[in-house]
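# Structure at a glance
Residues per chain are reported as follows:
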Amino acid sequence: MVASALVLAACSAPGSNNDAEEPEESAPATEDASALDCGTEPVTLKAYIETGFPLATELFDEFEAQYPNVTFDVREDQFAVLTQNAPRVLVDDPPDLMRLPQMSELASDGLLLDLDEYAAAFGWDTWPASQLEQMRVDDEGRRGNGPLYAMGLNFSMTGVFYNKELAAQIGMEEPPATLAEFDSYLQAAKDAGLVPMAQFNGGATGGLAFPLQGLMASYGDAGEINDWIYQQPDATIVTDTNVQATEHLQSWIEAGYFADDINSMDYAMMMSRFIEGNSVFIFNGDWESGNLDAQMPGNVGFFLMPPVEEGGSFGAMSAPLTYGISANAANPACAAFFLDWIATNDEARTIAVEIGGSHPMGPADAFMPAVAEGSVTAETLAAGAAIGAQDGAMDFIANATGSVYAEGWTPNLQKLVAGEIDPTALLEAVQAEYESSVG
Amino acid sequence: MNQRLTGRASARREDTPALGSPESRRRAIKARRLRRGGLALLLVAPAALAYIVFVLRPMAQSIQFSFYEWNGVTESTWVGLDNYAAILREPEMSGSILNAFQLIIYFSFIPVLLGLFTANTIRGFATSRLAIVSRTVLFLPQIIPLVAAGIMWSWLYASNGMVNQVLEAIGLGGVARAWLGDFDTALPAVGLIGAWVALGLCMLLLLAGMTKIDPALYEAARIDGAGPWREFFAITLPSLRQEIAVCVTVTVIAALASFDIIYISTQGGPGNRTLVPGLEIYRLAFFNREIGQASALAVALMALVLLVVLPLQRLNREGDS
């Protein structure tokens, strides 16, 4: 029966009769192709965004107030749903603005609009190059070079958050300047009967990638890690310094510095434990700064993963909150104008900091809103400047390929916690998974 | 699923055509049958069409996709049997199949054995109110959505959840752990959720089967001096052959094709220890956008389910004759 049913299936190869291969280059009649703003006629921008984060909708509201002829037609979904739907939505129901998941395939498949023309027109190419690097994709799907396919609403910064009250209890007055000093505070927390670090690493999450990548940048060179993430030829994650970093992480696991149930802990559990004061440190990003300032005012500090030796190199994962324009979008110029406005308008930059908690995109000397002294938002913004000066910004090792997080990092980091794999074998397993998709 | 199976079993007995008509009326009957056949076809057509469009066609498409490398949107590349070879080569996929077979123990064997035991016990006091209460209580998990069951059990299994609280209360704090995060206990822990869900269904099916057994058989056995054990093995168990086959079939399919409970409770973690084909297919298709590979694993899973379940149906049929 199944065999006879084969006849019923279309016999041409799947995908061969798709419109996606010929993205319409010409802008639709509703928009003047040469204009670099939203004009004066009524425009509706279709936006497909991630639910649960108010930054985008706040920006939309402000933009609508400043440009009354523009209205946003917003559709929201969970990030996982967005990831699943991305290619189909970009083709079938092309949004003018869309929150993007890992974008190398979307770009190399021709689903996203090449923004280089707008970048030149708006002067984005005069901004610090590291801000846009992650959103450039070449024709083989490698990131880091090539045309620009997305723009950030702001860019995030990761590091170590700590509970100031608990830190005082263990004698930590200042953030540690070296890894050895950090180790001693972790031990002090353990000795005081506190849980030094809760970190999500359960189910489909491999949150130990956060401390691991921080350690990698302390032991080694952030640029080398970026080369690996950008799939440069012959890049490997199995290097001496990365093995040392993984061994350091393993020593934390073996010393019992992590909560004993991290292999069943999800992100929300980690946050609630930290907010309830059940963890001294967590590794996380500044997208939580606003939330932590509200929930634990004055009680949260932030530092970057310290270098091995004082004054040594360090780094942080820093990634733009990427938004792209569909190759088939109806109003690409207006959408691009909106993306430029976010980075250059004072009101918009204030929203990016206050609501988003992260540093806005744009020129290095652009307007910065005042931030409350002693807030964790102020500390993360300062850390962002330090990373910029160090050139220590890295994309996430979890973003190197579409599947390296789910099939490389997550299972193997969970194995490291359970003592089922050693550091070198972990990196080799991840490298094998990476090569299977980079090919 | 169980309805479809039982339905098919009972239909088999009814559709034997009446035979032995006289020679002279044969032609008339033939014509009438043709007319009736046309009408029957017309009546069946809508359902058949729906079946073809929504069951057969997607199935055939999956088989077709499994020979391509395709991201679901742009052009595809013919890769022949490569995707099938990858199932054997990649430890994630082969491991997920082995995990699914381990789950059969929990999703199938435990509920069927426990179901036999409880059904037999309940039959003992069939008329009392206690029977109704215990039947309801045991069947309750079956009406709870699997997602809710998964959430509830992941709370129970959490490091500060009730399972560990009870263990600590009775002085077994040393055994307490994050059950779903431990490499050795994650799969059995997930399996027990499945056993808890399936027990109600098995118990109810077996109990229904027991009520069909002629009480005279038991009386006769008792007169011959059989005890409860002898009664169970000589009368109850053989008479329940069909029901057991249905229970095993349904639960084995649930084990091999499991998805919801695992998606909610562990998402395949820790370290792929609870990864099952259903979850891997979902990941491949919707996150890695490897539609071809996902289809190949789906086809392999379907073949595997048939391979395991078809012999069980033969067991069922032998019981008939």
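The rules behind the values
- Residues numbered from 1 in each chain as written.
- Chains lettered and ligands numbered in written order.
- Predicted model: local features only at pLDDT ≥ 70, side-chain atom pairs only at ≥ 80, totals over all residues.
- Heavy atoms only, no water.
- Helix = DSSP H or I, 4+ residues; strand = E, 2+ residues; numbered from the N terminus.
- Rg over C-alpha atoms; globule rule 2.2 N^0.38 Å.
- Buried < 20%, exposed > 50% of the residue type's maximum accessible area, 1.4 Å probe, protein only.
- Contact = heavy atoms within 4.5 Å.
- Phe/Tyr/Trp six-rings, centres within 6.5 Å; stacked < 30°, edge-to-face > 60°.
- Buried area = accessible area lost by both parts, 1.4 Å probe.
- Salt bridge = Lys/Arg side-chain N within 4 Å of Asp/Glu carboxyl O.
- Polar contact = N/O pair within 3.5 Å; in protein donor to acceptor, adjacent residues only side chain to side chain.
- Nonpolar A, V, L, I, M, F, W, Y, C, P; charged D, E, K, R; others polar.
- Disulfide = S-S within 2.5 Å.
- Expected span 1.5 Å × (residues − 1).
- Pairing = 2+ DSSP bridges.
- Right-handed = clockwise from strand over helix to strand, strands pointing away.
- Axes fitted to C-alpha atoms, helices over the stretch in contact; angles between N-to-C directions.
- UniProt positions renumbered as here; feature names shortened; annotations may be inferred.
- Core = buried A, V, L, I, M, F, W, Y, C linked by side-chain atoms within 4.5 Å.
- Parallel < 35°, antiparallel > 145°, perpendicular 65-115°, else oblique.

## Points about the overall build of chain B
Helix and strand content of chain B: 14 helices and two strands. For 321 residues, the compact-globule estimate of 2.2 N^0.38 gives 20 Å, and the C-alpha radius of gyration of chain B, at 25 Å, exceeds that figure by more than 25%. Principal-axis analysis of the C-alpha atoms gives chain B an extent of 85 × 70 × 30 Å. Counting over 321 residues, chain B shows a buried share of 43%. For chain B, the share of sequence-separated contacts (at least 6 apart) that also reach a separation of at least 24 residues comes to 67%.

## A word on the packing of aromatic side chains
All names here are of chain A. Summed over all chains, the structure comprises 41 aromatic pairs over all chains. Centroid distance Phe210 to Phe396: 5.7 Å. Interplanar angle 70°. Geometry classified as edge-to-face. In this pair, Phe210 is assigned in helix α9 (residues 209–219) and Phe396 in the loop between β13 (393–394) and α17 (404–417), connecting sequence segments 186 residues apart. Each member of the pair, Phe210 together with Phe396, is buried.

## As for the interface of chain B and chain A
By a widespread convention, an interface's size corresponds to the accessible area lost as its parts come together. Contacts between the two partners involve 37 residues from chain B, matched on the other side by 43 residues from chain A. Of the roughly 3,300 Å² buried where chain B meets chain A, counting both sides, 58% is carbon and sulfur surface. In this structure, the connection of chain B to chain A is made through two salt bridges. A salt bridge links Arg289 of chain B to Glu105 of chain A; the shortest N-O distance between them is 3.9 Å. Here chain B and chain A share six residue pairs in polar contact (both at pLDDT 80 or more) between them. The set of elements that each furnish at least two residues to the side of chain B that touches chain A consists of α2 (26–65) and α13 (277–287) of chain B. For the side of chain B that touches chain A, the residue count by class is 17 nonpolar, 13 polar and seven charged.

## A short note on the state of the cysteines
Tallied over the full model, the rule gives one disulfide over all chains. Note that Cys38 of chain A is cross-linked by a disulfide to Cys334 of chain A, the S-S spacing being 2.0 Å. Sign of the S-S torsion, about 95° for the bond between Cys38 of chain A and Cys334 of chain A, identifies this disulfide as right-handed. Here Cys334 of chain A lies in helix α14 (residues 332–344) and Cys38 of chain A lies in the loop between α1 (2–5) and β1 (43–50), a separation of 296 residues in the sequence. Look at Cys334 of chain A and you get buried, because its relative accessible area is 1%. There is no disulfide at Cys202 of chain B, and the cysteine sulfur nearest it, in Cys247 of chain B, is 3.7 Å away.

## Describing α14 of chain A
Residues lying three or four places apart along an α-helix face the same way, a consequence of the helix completing one turn every 3.6 residues. Helix length check: α14 of chain A (13 residues) gives 18 Å between terminal C-alpha atoms against 18 Å at 1.5 Å per residue, within 8%. Of all 13 residues that make up α14 of chain A, 12 are buried, and the element is covered over most of its length.

## Let's talk about the pairing of β1 of chain A
Every other side chain in a regular strand lies on the same face of the sheet, so the side chains alternate between the two faces. Residue and element names in this part refer to chain A. Burial analysis of β1 places six of its eight residues in the buried class, the great majority of the element. Across eight bridges, β1 lies against strand β2 (residues 70–77) in parallel orientation. Bridging across to β2, Lys46 finds its partner in Asp73. The β-α-β motif built from β1, the intervening helix α2 (residues 55–66) and the parallel element β2 has right-handed crossover chirality.

## Digging into the environment of Gln131 of chain A
Residue and element names in this part refer to chain A. For Gln131, the position within the fold is in helix α6 (residues 129–133). Accessibility expressed as a relative area gives 11% for Gln131, which makes it buried. Each C-alpha atom, one on Gln131 and one on Ala393, is 9.1 Å from the other, the two residues being 262 residues apart in sequence. With residues up to four places along the chain from it excluded, the contact list for Gln131 reads Phe155, Pro320, Met361 and Gly362. From its side chain, Gln131 meets the backbone nitrogen of Gly362 in a polar contact 3.0 Å long.

## Regarding the sheet that holds strand β7 (residues 158–163) of chain A
All names here are of chain A. Taken in spatial order, the three strands line up as β8-β7-β9 in an open sheet, and their pairing is antiparallel. Of all the strands in the sheet, just β8 (281–285) and β9 (300–303) have a single pairing partner and so form its edges. Sheet twist, expressed as the mean angle between neighbouring strand axes with direction ignored, is 35°. The pairing of β7 with β9 spans four bridges and is classified as antiparallel. Its bridge partner being in β9, Asn163 is matched across the sheet by Val300. Of the strands in this sheet, β7, β8 and β9 touch helix α8 (residues 179–191), which is tilted by about 125° from β8.

## As for the UniProt feature "transmembrane region" (unreviewed entry) in chain B
The residues that UniProt annotates with the feature "transmembrane region" (unreviewed entry) are residues 39–60, 103–125, 137–158, 186–208, 244–264 and 291–312 of chain B. Between the end C-alpha atoms of residues 291–312 of chain B there is a gap of 32 Å, over a span that is 100% helix and 0% strand.

## A short note on the sheet that holds strand β3 (residues 97–99) of chain A
Residue and element names in this part refer to chain A. With respect to topology, six strands assemble into an open sheet ordered β2-β1-β3-β11-β6-β12, the strand pairing being mixed. Both edges of this open sheet fall to β2 and β12 (359–360), since each of them pairs with a single strand only. Judged from the two bridges that link them, β3 and strand β11 (residues 320–324) form a sheet pairing that is antiparallel. Opposite Arg99, over in β11, you have Tyr323 as the bridge partner.

## Some points on the pattern of salt bridges
All names here are of chain A. Within this structure, the stated rule accounts for 16 salt bridges over all chains. Arg142 is the partner of Asp138 in a salt bridge, and the nearest nitrogen-oxygen pair spans 3.5 Å. A single network of salt bridges, built from pairs that share partners, joins Lys46, Arg75, Asp77 and Asp93.

## Structural notes on the side chain of Gln134 of chain A
Looking at where Gln134 of chain A falls in the secondary structure, it is placed in the loop between α6 and β4 (136–137). Those residues in contact with Gln134 of chain A that lie beyond four places of it in its chain are Arg143, Tyr230, Ser318, Ala319, Pro320, Met394 and Asp395 of chain A.

## Section: unusual backbone geometry
Most peptide bonds take the trans configuration, and most residues that are not glycine carry a negative phi. All names here are of chain B. Note that the residue after Gly269, namely Pro270, is joined by a cis bond; omega there is -10°. Topologically, Pro270 is positioned in the loop between α12 (260–265) and α13. Even without a glycine there, the phi angle at Arg289 is positive, about 55°.

## Focus on the nonpolar core
Grouped together as the largest cluster of nonpolar side chains are 75 residues, with contacts concentrated most on Phe182, Trp228, Leu249, Trp252, Phe281 and Trp409 of chain A. Per-element tally for this core: the top contributor is α9 of chain A, with six residues. The residues contacting Leu249 of chain A, other than those within four sequence positions of it, are Leu208, Pro211, Leu212, Leu215, Phe258, Leu413 and Leu416 of chain A. Counting 60 residues, the second-largest nonpolar core is a separate cluster that includes Leu180, Cys247, Ile262 and Val305 of chain B.

## Overview of the packing of helix α3 (residues 82–89) of chain B against helix α4 (residues 91–124) of chain B
Residues and elements named next belong to chain B. Two numbers describe how α3 lies on α4: the axes approach to 5 Å, and their chain directions differ by 70°. Considering the angle they form, α3 stands roughly perpendicular to α4. Together, Ala86, Ile87, Leu88 and Arg89 of α3 and Pro91, Met93, Ser94 and Ile97 of α4 make up the contact between the two elements. When the residues that make up the contact of α3 with α4 are grouped by side-chain class, the tally is six nonpolar, one polar and one charged.

## Overview of the side chain of Thr274 of chain B
Residue and element names in this part refer to chain B. Tracing the chain through its elements places Thr274 in the loop between α12 and α13. When its relative accessible area of 0% is taken as the criterion, Thr274 is described as buried. A polar side-chain atom of Thr274 sits 2.7 Å from a polar atom in the side chain of Thr266.

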